[in-house]
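Residue strings, one per chain:
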Amino acid sequence: MCRRGSDLCSLLLERDCVAAEFLQPFSHFISAMRELSKPVVGAINGTCVGGGLEILLCCDVIISADGSMIGDGHVRYGLLPATGVARKLVQAMGHFRASQMLLMGQLYSANELQDFGLIFKIVPRAELEDAAAEAAASFSGLSGKALSQLKTMLRIEADMTAREASEFELATAVDHFASGIPEIGIKSFLSKATPIFD
């Protein structure tokens, strides 16, 4: 019988419970986060390891405080990630850098991960909250429907061939034009005005 309300380490020691009470619910949470229709801004302040990295990889834009450290660390304790971390890291950083992070279990500085392409911006700790809010605000005023469709393209096309991705984008763009949203943007561009989307 599984115990409710126990801490994570105790739960991980209960072989009969770990999948049902932790791994599956956490995996469902990560999947739901990846499929959010709105852009997600992640902010790292300190150390981001294991489950924190799994959540971070759901973000569309990542801002980090200077001095933050990021890594996987599962392997150090004989554990494995269970939410698609290997695939997401390979997509974000390439095979060899992802291999090093996962297989060596090391932490990397925010500066290193910015060089790898994972982190968008690094700011002093005191400016992190404002920088994350500014990044989130940059999406306001943009078409929510266009942002949602772009997120779908980014998520789905990662598993497609170049031809499939091109055909998918074409079909999505044609449908998007039918929505009337591009007309708002084009008319605003021609009149040198800021577009106002619903």
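In what follows, the structure referred to is the one given above.
Residues numbered from 1 in each chain as written. Predicted model: local features only at pLDDT ≥ 70, side-chain atom pairs only at ≥ 80, totals over all residues. Heavy atoms only, no water.

Draft legend 1. Expanded view of the overall build of the chain. Along the chain, the regular secondary structure elements total 10 helices and six strands. In terms of its C-alpha atoms, the chain occupies a principal-axis envelope of roughly 60 × 40 × 35 Å. Every one of the 198 residues in the chain was classed for burial, and the buried ones make up 32%. At a minimum sequence separation of 6, the contacts of the chain that also span at least 24 residues come to 55%. Of the roughly 12400 Å² that the chain leaves accessible, carbon and sulfur atoms contribute 59%. Considering the chain, the positive charge centre built from 17 side chains and the negative charge centre built from 23 side chains are found 1 Å apart. (Helix = DSSP H or I, 4+ residues; strand = E, 2+ residues; numbered from the N terminus. Buried < 20%, exposed > 50% of the residue type's maximum accessible area, 1.4 Å probe, protein only. Contact = heavy atoms within 4.5 Å. Areas by Shrake-Rupley, 256 points an atom, 1.4 Å probe, with all protein chains shown as cover. Lys, Arg positive; Asp, Glu negative; His and termini not counted. Charge placed at Lys NZ, Arg CZ, Asp CG, Glu CD.)

Draft legend 2. Here's a closer look at a negative patch on the surface. On the surface, a cluster of negative charge is made up of Glu 127, Glu 129, Asp 130 and Glu 134. Mapped onto the fold, Glu 134 is located in helix H7 (residues 128-137). (Patch = residues over 30% accessible without salt bridge, like charges linked within 9 Å, V, L, I, M, F, W, Y side chains within 5 Å. Salt bridge = Lys/Arg side-chain N within 4 Å of Asp/Glu carboxyl O.)

Draft legend 3. Geometry of the pattern of salt bridges. Applying the stated criterion across every chain yields a total of three salt bridges. Lys 151 serves as the salt-bridge partner of Asp 60, at 2.8 Å between the closest nitrogen and oxygen. One end of the pair, Asp 60, is in the loop between helix H3 (51-56) and strand S3 (61-65); the other, Lys 151, is in helix H8 (residues 144-157), with 91 residues separating them in the sequence. With relative accessibility at 37%, the residue Asp 60 sits in the partly exposed group. Linking Asp 159 and Arg 87 is a salt bridge whose minimum nitrogen-to-oxygen distance equals 2.5 Å. Here the residue Asp 159 occupies a position in the loop between H8 and helix H9 (162-178), and Arg 87 occupies one in helix H4 (residues 85-93), the gap between them amounting to 72 residues. Residue classification places Arg 87 among the partly exposed positions, given a relative accessible area of 36%.

Draft legend 4. Summary view of the packing of H4 against helix H5 (residues 95-104). The contact between H4 and H5 brings their axes to 7 Å, and the two run at 135°. Between H4 and H5, the angle falls in the class oblique. In this structure, H4 crosses over H5, and the sense of that crossing is right-handed. Facing H4, whose interface residues are Val 85, Ala 86, Leu 89, Val 90 and Met 93, H5 presents His 95, Arg 97, Ala 98, Met 101 and Leu 102. Classifying every residue of the contact of H4 with H5 gives eight nonpolar, one polar and one charged. (Axes fitted to C-alpha atoms, helices over the stretch in contact; angles between N-to-C directions. Parallel < 35°, antiparallel > 145°, perpendicular 65-115°, else oblique. Left-handed = near helix turned anticlockwise from the far one by under 90°. Nonpolar A, V, L, I, M, F, W, Y, C, P; charged D, E, K, R; others polar.)

Draft legend 5. View of H8. Its 14 residues place the ends of H8 20 Å apart at the C-alpha level, agreeing with the 20 Å of an ideal helix rising 1.5 Å per residue. Restricting attention to buried positions, one finds in H8 the residues Leu 147, Gln 149, Lys 151, Met 153 and Glu 157. Summarising the contacts, the buried residues of H8 are in contact with H9. (Expected span 1.5 Å × (residues − 1).)

Draft legend 6. Region of interest: the sheet that holds strand S6 (residues 121-123). Taking strand neighbours across the sheet as the criterion, the three strands line up as S1-S3-S6 in an open arrangement whose pairing is parallel. Only two strands of the sheet have a single partner each, and these edge strands are strand S1 (41-44) and S6. Here the strands of the sheet are splayed against their neighbours by 20° on average, with no regard to which way each runs. Along the sheet, H7 makes contact with S1, S3 and S6, crossing S3 at roughly 165°. (Pairing = 2+ DSSP bridges.)

Draft legend 7. Layout of the layout of surface pockets. If you add up the space inside the largest pocket, you get close to 740 Å³. Leu 57, Cys 59, Asp 60, Lys 88 and Leu 154 are, among the 28 residues lining the largest pocket, the residues nearest its centre. Among the secondary structure elements, those contributing two or more residues to the lining of the largest pocket are helix H2 (15-34), S3, H4 and H8. For the lining of the largest pocket, the leading source of residues is H8, giving five residues. (1 Å grid on protein atoms, 1.4 Å probe; cavity = no way out; pocket = protein on both sides within 12 Å on 5 of 7 lines; lining within 4 Å. Points joined across faces, edges and corners; volume = space filled by probe spheres on them.)

So yeah, pure geometry; function would need other evidence.
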